[in-house]
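# Chain and residue survey
Each chain, letter by letter, is given below.
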Amino acid sequence: MIIKLDHVNYIYNPDTVEKVIAVDDVNLEIGGNSLTAIIGSTGSGKSTLIQMLNGLLKPTSGTVSYDGEVIFTEGKETKEQKKKIRDLRCRVGLVFQYPEYQLFDETVLKDVCYGPKNQGFTQEEAEKKARKALEEVHMPEKSILKSPFDLSGGQKRRAAIAGVLAMEPEVLILDEPTAGLDPKGKTEVLDLLKRYQREKETTVILVSHSMEEVAQYADRVIAMHKSKVILDGPTHEVFSHREELEAIGLGVPEVQAFTESLGIKDAITVQEACDAILQRQKAE
Amino acid sequence: MFRDITIGQFYPVTSIINKLDPRVKLCGVVVYIAAVFIINNIFGLLFIIAALAVLIYLSKVPLKHIMKGLRFVWFLVIIAIFFNLFFSDGDIIWRWWIFHMSRQGILRAAFFAVRLVCVIVGSSMLTYTTTPTNLTAGLEKVMQPLNKIHFPGHEIAMMMSIALRFIPILSEEINKIIKAQLARGADFDSGGIIVKAKGMIPIMIPLFISAFRRASDLATAMESRCYSGGEGRTKMYPLRYHKRDTVGYIVLLLFLLASIGLRILMQQFVTIGRI
Amino acid sequence: MEIIKSEKISYSYPVFEDPDSQENKELLEKKKEAAKALDGVSLEVRPGQFICILGRNGSGKSTFAKHLNALITPTEGTLWIDGMDTKDEEKLWDIRRTVGMVFQNPDNQIIGSIVDEEVAFGLENIGASTRDIRKGVYKALEEVNMREYAKVSPNKLSGGQKQRVAVAGVLAMNPKCIVLDESTAMLDPRGRKEVMDTVKKLNKDDGITIISITHYMEEALEADYIFVMDNGQVRMQGTPREIFSREEEIEELGLKLPQLCQLAKALRNKGMDIPMGITTEEELKDAITKRQISENDSEITAGEK
């Protein structure tokens, strides 16, 4: 699925003194076989943007189209449109920040079934999808029938992600999926997202504050600042704009800053830095 | 949800009303409500409205802001008018099915509506002109004498101020949980009442858990900062009366006397416009 | 004298025991074992140090932090804070004034609805005079660079600003030690930097001991001393250089090396001569270029010959 944003704006409390422009004239095309990272400091409009991508928020102006189809139109939605919007939310899965705070059911399995059941699948089908999703996030078999509140922090997070994966979305969006996890938990979540994206050849979009994570996992980076998209392109290209990224409080991966001081460009991960240094040594 | 509620939100301007001691204002609300019910004729009503107008003028809160706050109580006013208008006995001037309108009914409806609006606007002036912290400090002080009978004045005031601080945070939280479940295909619109009530579970459980977690975090944070109840606590801004507060109390007293006076005197001289 | 001295402290969270239930003594034992959050922790911290405590989720870091200002007391062993035993209830308020805590979620630790009142909360609790409160509050706000926000509602601040207000609230009590319990975990890079710069300044200029519990390995590189916890025990301790030399162990304990150390390790694995325990960019740069220089030198000398 290709999501296309055309001159999209979003304004909170329009026509009042507390008017806030959260997204300002954004044009984007996201889709295909890629893992895209959205970066930007708090309040730059990332959260609003991703909520528009899956139809939770309706743009104040501009259009969002899905494979060419525009779902939101001017004025009030008809019943048919409402149904379409609901379907859309299932096609474009959105995992919120700290998703484990939305767990509610008695067992992990039941909780993960919530999505597929809302889509109208029978109990049996929903359970099948849930089990598959839980397998994808490496949930140990013995934890599936536990209460979600008895899981460890990292497991809770993965269970919550499974809750969205079970709906088999065509596009998966995650808002800071690694926030608050320990280093190992972070790596586990990112590895499974990368593998999921590669296997399904689908679109995964993630919001992240860690440039190191972004450099290592993303194919494409979209940087937002003050409600606008200021950089958009392949990961290496975006990180070559070091000054701009530092000016908006983000910066570049630590290893990149280091290799640049050695005069090596374009090495944004540890592996790349290592190779580049060795290569230079050889050349000399 | 909660974000739309304008009643009772502090309006940040500096005015003489704003600067008054919260105790004066608390007392003012009581006096004002008493006065609204003491008066019983059109002159009294005009007097009350005039007083309210002066208060609003002095407070520098824009009328538009006050009217916005009234949005949520209009239907209450309309119901009150409806019953007074169509079900009052007296000189009947119009009748249809079970409805009848009388001259006294019309007057009573109008009077009642104006009274109600006056009470609501008047008491919301307290919260428009007083910060939550000041308000709770005032309440705590007013309730202090009750400490002798082990009435937990400080605790109630502390609870109120914490509640006020957490309302926007929790409303944000509700919003977020609703969105998160919507993103999982939840449908809160269709279905009968039971289906709808059941549909609330995925919102209520996370909300309760989150509220408990926040409460426990907050309790830990308070304890770590040496909180141990109201005993021995001091204040950075203790309430202290100024000259303007004395003036405030005198104005309130005069206002109350005038309302009583209007009721008694007008009863003797005026028969028109009495209700 | 050490500001913190812990001697074999253990702590178990209370387990609900049903006295009537005969069944499953084994399960109960298991539960009790699982509830054991600290298991014989002994460590010492000298005044003025900047300490980092690392460890995976559930390793006991936060439980240990809560001991430091007597929010909980050890079930076994003794913990002294500036010479005071945390079990001594008479010293409770002194201990809490000596060690201040800043927690993870900025929204869940702010009580006041105006910034200056929030900072005043602690001083109000200990019954300071109005004059002292005002002086303390404004001095603390100045130190965290939040003076201009004194009259703002905390709800209007960014995450980093809220945490700085929380630091000011602790600072107003004139503590000797500040404990940061994952205080930067919920912040963006800029907010994190704001908070870390603030506490670093307090450590350097005012000599306040800082104990930072964190998942950010890069923060740990700049600490004076590091403790790594796992399973309720201190598994490693030392200077950043000592800790990050033990690369394998770090990874076994569920942690990750800082990127700089990862690069050093990768280069070493490829046969380059990089010493263990690199902690700064300069060191790594020297290690890489020194080799180049020595090679260049040998080339030059070879050429001359």
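Residues numbered from 1 in each chain as written. Chains lettered and ligands numbered in written order. Predicted model: local features only at pLDDT ≥ 70, side-chain atom pairs only at ≥ 80, totals over all residues. Heavy atoms only, no water.

## Regarding unusual backbone geometry
Look at Cys 226 of chain B: it is not a glycine, yet its phi comes out positive at around 70°. When its relative accessible area of 2% is taken as the criterion, Cys 226 of chain B is described as buried. Even without a glycine there, the phi angle at Asp 82 of chain C is positive, about 50°. One can find Asp 82 of chain C in the loop between strand S4 (76-81) and strand S5 (84-85). (Buried < 20%, exposed > 50% of the residue type's maximum accessible area, 1.4 Å probe, protein only. Helix = DSSP H or I, 4+ residues; strand = E, 2+ residues; numbered from the N terminus.)

## Considerations on the sheet that holds strand S10 (residues 233-238) of chain C
Residues and elements named next belong to chain C. Pairing is mixed across the open sheet formed by six strands, whose spatial order is S6-S7-S8-S3-S9-S10. What marks the edges here is a single partner per strand, and that holds for strand S6 (99-102) and S10. The sheet shows a mean angle of 20° between the axes of neighbouring strands, direction not considered. Across four bridges, strand S3 (residues 50-54) lies against strand S8 (residues 209-213) in parallel orientation. When the sheet's bridge partners are listed, Phe 50 is paired in S8 with Ile 210. Lying on the sheet, helix H6 (residues 159-171) is in contact with S6 and strand S7 (177-181); it crosses S6 at an angle near 165°. (Pairing = 2+ DSSP bridges. Axes fitted to C-alpha atoms, helices over the stretch in contact; angles between N-to-C directions. Contact = heavy atoms within 4.5 Å.)

## Some words on the state of the cysteines
Evaluation of the coordinates by the stated rule reveals zero disulfides over all chains. Left unpaired, Cys 90 of chain A is separated from the closest cysteine sulfur, that of Cys 113 of chain A, by 14 Å. Looking at the unpaired Cys 226 of chain B, the closest cysteine sulfur is the one in Cys 177 of chain C, lying at 14 Å. (Disulfide = S-S within 2.5 Å.)

## Considerations on the domain arrangement of chain A
All names here are of chain A. Here chain A is described as being made up of domain 1 (2-251) and domain 2 (253-284). Each of domain 1 and domain 2 has a C-alpha centre, and these two points are 32 Å apart. Contacts between domain 1 and domain 2 engage eight residues on the former and nine residues on the latter. For the pair domain 1 and domain 2, the summed buried surface comes to about 780 Å²; carbon and sulfur atoms form 58% of the total. Counting the contacts that link domain 1 with domain 2 gives one salt bridge. Those elements that place two or more of their residues in the side of domain 1 that touches domain 2 are helix H7 (211-217) and helix H8 (235-239). For the side of domain 1 that touches domain 2, the leading source of residues is H7, giving four residues. A class-by-class count of the residues in the side of domain 1 that touches domain 2 yields three nonpolar, three polar and two charged. (Domains from an automatic or database assignment. Buried area = accessible area lost by both parts, 1.4 Å probe. Salt bridge = Lys/Arg side-chain N within 4 Å of Asp/Glu carboxyl O. Nonpolar A, V, L, I, M, F, W, Y, C, P; charged D, E, K, R; others polar.)

## As for the interface of chain A and chain B
Listed per partner, the contact involves 23 residues of chain A and 17 residues of chain B. Here chain A meets chain B over a buried area of about 1,900 Å², counting both sides, of which 59% is carbon and sulfur. Across the chain A-chain B interface, the total number found is two salt bridges. Among the ionic pairs, Arg 86 of chain A bridges to Asp 187 of chain B, the shortest N-O distance being 3.9 Å. Linking chain A with chain B are six residue pairs in polar contact (both at pLDDT 80 or more), by the criterion used here. Only helix H2 (79-91), helix H3 (108-118) and helix H5 (153-165) of chain A provide two or more residues apiece to the side of chain A that touches chain B. Among the elements that make up the side of chain A that touches chain B, the one with the highest residue count is H3 of chain A (five residues). Of the residues in the side of chain A that touches chain B, the class split is 13 nonpolar, seven polar and three charged. (Polar contact = N/O pair within 3.5 Å; in protein donor to acceptor, adjacent residues only side chain to side chain.)

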